[in-house]
Amino acid sequence: GSPDFNALQNSFDKSKTSGIVYFLFDVPYFEGYDLRQAPLSARRDLLRQLLAAPPGKRVRFSNDFEADAASVLDSACKLHLEGVIAKRRDAVYESRRTETWLKLKCQRRQEFVIGGFTVRQGGAALEVGSLLLGVHDSAGTLRFCGSVGTGWNSKSATQLGARLAKIETPDGPFVNPDATRSGRWRRRSDGDERWVRPQLVAEVSFAEWTPDAQIRHAVFVGLRSDKPPSAITREQAVSPFGAAAPAAPKKAPVGGADSSVKVSNPQRVVDPSSGITKLDLARYYQSVAGWILPHLKGRPCSLVRAPSGISGELFFQKHAEKLHIPDVKDLDPALWPDHEALLEVATPKALAGASQMNVVEFHTWNAMARQIDQPDRMVFDVDPGDKVPWSRVQEAAVLTRALLTELGLRAWLKTSGGKGLHLVVPIAPRCDWDSVKGFSQAVVQHLAAHIPDRFVTKSGPSNRVGKIFVDYLRNGHGATTAAAFSARARPGLGVSMPVSWEQLDTLKSGAQWSVAGAREYLSFQTDDPWKDYWTCKQTITQAMQTLGYQPPAGSASR
C-alpha cells in the first residue's frame with residue numbers, strides 16, 4: 001500500500017504500532033565497522049545480503065531503480081507517494097544536506113482564497129509570516145483549510161503584507177473559526193491573526209489533504225489574478241487506478257469577461273515530464289497576457305501547436321490555413337506576396353483561443369507589420385553545442401554584448417526557454433532584411449575569427465561540438481524567434497524570460513523558469529528589466545562602418 005502520514009502519527013500517539021513496516025535503505029555501521037566512507041553501492045550490497053532471506057514481515061529492504069529521474073518521479077506521483085530520493089551510487093554517508101542525495105517531492109497544487117495572515121515576529125512592519133487559506137464548499141461558503149508560511153523571501157513578504165493591509169478587515173471570512181490556529185475568531189487586538197476581505201487568490205503546492213480537510217507541507221507559488229475568489233473550491237485529483245473520481249469538466253472557461261474562451265479537454269497532459277495540462281498552459285498565458293502581448297501585437301506571429309502534447313507531432317504554422325482561432329487576426333496578404341495571410345495575436349482573447357487550439361509557442365518576426373520590409377530589431381541566439389557547460393553560455397552572452405557595445409549598440413537579454421540565451425537589439429527600421437541579416441552575420445564572424453576556441457560560424461550540431469554558434473539566421477526575411485514569455489515545446493515547458501544583465505550570473509540555465517514557476521517569479525517583480533527597450537531607437541549605420549561591413553549592392557538602408 002501507500003504510506004499514510006496520519007495513520008503513522010496515530011500509531012505512535014496510540015502506541016499501536018503493529019501495522020508499521022520498516023524499510024531500510026542504508027547501513028552506515030556494521031558489527032563495529034564504520035562504513036560511512038564506503039560508496040553507497042557497496043553499503044547497499046551489504047544491506048541487501050543481510051535482508052535477503054527470508055523476506056521480513058516488519059523489516060524490509062528499500063529497493064532502488066535505475067531509470068531517468070523524471071520517469072521514476074512521475075510513477076511515484078501517480079502512486080500517490082510523497083516523492084523519491086535520487087542518490088549518487090558513489091556517495092559517502094553524510095549527516096547533513098548534500099547534493100549527492102536529492103529529495104524529489106510530489107506536490108499537489110491548486111488555488112486558495114486568502115482570508116487572513118500573520119505577521120512575522122521580529123520582522124519588518126507587515127512582513128507576512130503566513131497566509132490563512134480557504135476554499136468554498138458546495139454551499140458557496142468559505143472554509144478555512146490551513147496556512148502557508150514559506151515560498152517567499154523577506155522583500156516579497158513585505159510586499160505581500162503591504163498589499164494585504166489595504167484590504168484588512170476586523171472580522172474573518174471563514175465559517176469554521178474553530179479550525180484556525182487560535183481556535184476562535186480574533187480581532188487584531190486579541191492576537192496575531194489579521195483578517196482580510198477574501199479578494200486575493202494564491203496558488204499553493206502542498207503534500208496532501210488531511211482527514212479534517214487541512215493541507216500539509218504547503219508552499220506559496222504566487223498570486224493569481226485570472227480566477228475570481230468565488231470560483232475557488234477544493235479540487236479533486238483524478239485517480240490513476242481507475243477508481244471512481246469526480247469527472248473533469250469537458251470544457252473549462254479561460255479569460256476574463258471580455259476574453260473568455262472554452263478550453264476543451266482541459267485535463268489533457270501537454271508535458272508528461274511535468275504533468276502540466278492544457279488548462280494549466282491556458283491559465284499561464286492568460287496570467288501573463290499583460291507581459292507577452294506587447295511583444296506580439298503588431299507583428300506577424302507563427303504558432304507551434306501540439307495537439308497530442310509535446311511528445312507527439314508538432315505543427316509550425318505561419319498561416320491560418322483551415323484553422324480558425326477566435327480573435328487571431330489575418331494580416332494583409334500583400335505583406336508577403338504569393339503566400340497566405342500572416343497571423344497576428346494581439347488580444348487576451350486571441351491568447352485564450354490559441355490555447356484552446358493547442359498552441360504552445362508564439363514566434364514573431366523581427367519587423368512590425370506596418371513596416372514589414374524594414375526590421376526593427378536583431379536577435380542573436382546564443383546556442384551551445386554538445387558538452388558546452390552553462391558557464392560558457394553565460395560567457396558567450398557577455399562577449400557578444402561586449403562586441404555590440406563597442407559597435408555602439410545596446411542589447412537586452414532573455415532566456416530562450418531551452419538551452420541558451422537570446423540577445424535582442426532594437427534598431428530603427430531603416431534597413432532592409434538583407435542588410436540587417438548580413439550585418440548580424442558579420443558580427444558573428446568577427447566573434448569566431450577573434451575567439452575561435454569559443455565560437456563557430458556554422459550551424460548544425462556537428463559544427464559546434466564543444467563550442468557555441470551565435471545564431472544570426474533568425475534575422476532573415478520570414479525567420480522568427482520565440483517571443484518573450486512564450487513557453488517552449490520541450491520537456492518541462494521552459495519559458496523565454498526577459499532578465500536584466502545583472503541577473504546573468506545568477507541564472508542556472510536557459511530554462512530557469514517554466515510554465516509551472518514563471519508566475520511565482522513575475523508576481524513579485526516591481527521593475528521591468530526591459531523598460532528602456534521600448535524607447536530605444538538606435539541605428540546600425542555607424543556600427544556597420546565600424547565593423548567594416550558593406551551592405552549588398554542595391555540594398556536599402558539609411
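Within every chain, residues take consecutive numbers counted from 1 along the sequence as written. This being a predicted model, a pLDDT of at least 70 is required before a residue's local features are given, and a value of 80 or more before pairs of side-chain atoms are given or counted; all residues contribute to the totals for chains, interfaces and linings. Hydrogens and water molecules were not included; the side-chain quantities draw on all heavy atoms of the structure.

To continue, consider the overall build of the protein. Here a helix means four or more residues in a row that DSSP labels H or I, a strand means two or more in a row labelled E, and each is numbered from the N terminus. Scanning the protein for helices and strands turns up eleven helices and 31 strands. Dimensions of the protein along its principal axes, counting C-alpha atoms only, are 90 × 60 × 50 Å. A simple rule labels every residue: compare its accessible area, found with a 1.4 Å probe on the protein chains alone, to the largest value its type can have, and call it buried under 20%, exposed over 50%, or partly exposed in between. When each of the 558 residues of the protein is scored for burial, the buried share is 46%. Here the analysis covers contacts within the protein between residues at least 6 apart in sequence; of these, 65% occur between residues at least 24 apart. For the protein, the exposed surface amounts to about 28,200 Å²; the carbon and sulfur share of it is 51%. Charged side chains in the protein number 70 positive and 57 negative. The centres of these two groups are separated by 2 Å. The contact criterion used throughout is that any non-hydrogen atoms of two residues lie within 4.5 Å. Every accessible area reported is derived by Shrake-Rupley at a probe size of 1.4 Å, with residue values counting cover from the shown protein chains alone. When charges are counted, Lys and Arg contribute as positive and Asp and Glu as negative, whereas His and the chain ends are disregarded. Charged groups are reduced to one reference atom each: NZ for lysine, CZ for arginine, CG for aspartic acid, CD for glutamic acid.

A separate point is the confidence of the model for the protein. Per-residue confidence from the predictor is reported as pLDDT, which spans 0 to 100. Of the residues in the protein, 90% reach a pLDDT of 70 or more, and the chain-wide mean stands at 86. Predicted confidence is poor over residues 179-191, with pLDDT under 50, and the contacts of this stretch with residues over four places away or in other chains come to 30 contacts.

What follows deals with the environment of Arg268. Positionally, Arg268 belongs in the loop between β17 (261-264) and β18 (269-271). Considering only alpha carbons, one finds Arg268 and Ser95, 173 residues apart in sequence, at a separation of 42 Å. What Arg268 contacts, discounting residues up to four positions off in sequence, is Ile276, Thr277, Lys278, Pro307 and Asn358.

A pair of aromatic rings is counted whenever rings of Phe, Tyr or Trp (Trp by its six-membered ring) have centres within 6.5 Å, and the orientation is called stacked for planes under 30 degrees apart, edge-to-face for over 60 and tilted otherwise. Counting across every chain of the model gives 19 aromatic pairs. Ring centres of Phe25 and Trp101 lie 6.0 Å apart, and the angle between their planes is 70°; on these two criteria the pair is classed as edge-to-face. Of this pair, Phe25 sits in the loop between β1 (22-24) and β2 (29-30) while Trp101 sits in strand β6 (residues 101-105), and the two are 76 residues apart along the sequence. Each residue in the set Trp412, Trp530, Tyr533 and Trp534 is aromatic and connected to the rest through ring pairs, giving one cluster. One residue, Lys87, lies across the ring of Trp101, its end atom 4.2 Å from the ring centre. Put simply, a charge is over a ring when the Lys NZ or the Arg CZ is close to the ring centre, within 6 Å, and near the line of the ring normal, within 35 degrees. Across the ring face of Trp209, the terminal group of Arg234 is positioned such that the distance to the ring centre comes to 4.1 Å.

As used in these notes, a disulfide is a covalent bond between sulfur atoms, one from each of two cysteines. To count as a disulfide, a pair of cysteine sulfur atoms needs to be within 2.5 Å. Taken as a whole and assessed by the stated rule, the structure comprises zero disulfides. As a non-bridged cysteine, Cys536 has Cys431 as the owner of its nearest cysteine sulfur, 15 Å distant. A residue is classified by how much of its surface remains accessible, and Cys536, at 12% relative accessible area, is buried.

Before going further, it helps to examine the sheet that holds strand β27 (residues 421-426). Backbone-to-backbone hydrogen bonds join strands into a sheet, with any given pair of strands oriented parallel or antiparallel. Read across the sheet, six strands follow the order β28-β29-β25-β27-β26-β31 without closing on themselves; strand pairing throughout is mixed. The open sheet terminates on both sides in strands that have one partner only, identified here as β28 (455-456) and β31 (498-499). Axes, fitted as lines to C-alpha atoms, cover a helix only where it is in contact. Angles between the N-to-C directions of the axes lie from 0 to 180 degrees. Relative to β27, helix α8 (residues 390-406) is tilted by about 15°, and along the sheet it contacts β25 (377-384), β27, β28 and β29 (468-471). Should DSSP find at least two bridges between two strands, the strands are taken to pair.

Let's shift gears to the packing of α8 against helix α9 (residues 433-450). Orientation of α8 relative to α9, taken along the N-to-C sense of each, is 120°, at an axis distance of 11 Å. The angle between the axes of α8 and α9 places the two elements in the oblique class. Helix-helix and strand crossings are classified by hand; for α8 and α9 the assignment is right-handed. Contact with α8, carried on its side by Leu399, Thr400, Leu403 and Leu404, involves Val443, His446 and Leu447 of α9 and no other residues of that element. Side-chain classes are defined by residue name, with Ala, Val, Leu, Ile, Met, Phe, Trp, Tyr, Cys and Pro counting as nonpolar, Asp, Glu, Lys and Arg as charged, and the others, Gly among them, as polar. In terms of residue class, the contact of α8 with α9 is built from five nonpolar, two polar and no charged. Oblique is the label for any angle not covered by the other classes, which are roughly parallel (under 35 degrees), roughly antiparallel (over 145) and roughly perpendicular (65 to 115). Crossing handedness: left-handed means the near helix sits turned counterclockwise from the far one by under a right angle, and right-handed means the same turn made clockwise.

On to the side chain of Gln317. Relative to the elements of secondary structure, Gln317 occurs in strand β21 (residues 315-317). Whenever a nitrogen or oxygen atom comes within 3.5 Å of another N or O atom, the pair is scored as a polar contact, on the condition that within protein one atom can donate a hydrogen and the other can accept it, and that pairs from neighbouring residues in sequence are kept only if both atoms are in side chains. Among the polar contacts listed, one links the side chain of Gln317 to the side chain of Arg305, at a separation of 2.8 Å. Each residue touching Gln317, except ones within four places of it in the same chain, is listed here: Cys301, Ser302, Leu303, Arg305 and Leu323.

A separate point is helix α7 (residues 348-356). Most of α7 sits inside the fold, with seven of its nine residues counted as buried. Buried within α7 we find Ala350, Leu351, Ala352, Gly353, Ala354, Ser355 and Gln356. Positive phi appears at Asn358, one or two residues downstream of α7, with a value of about 65°.

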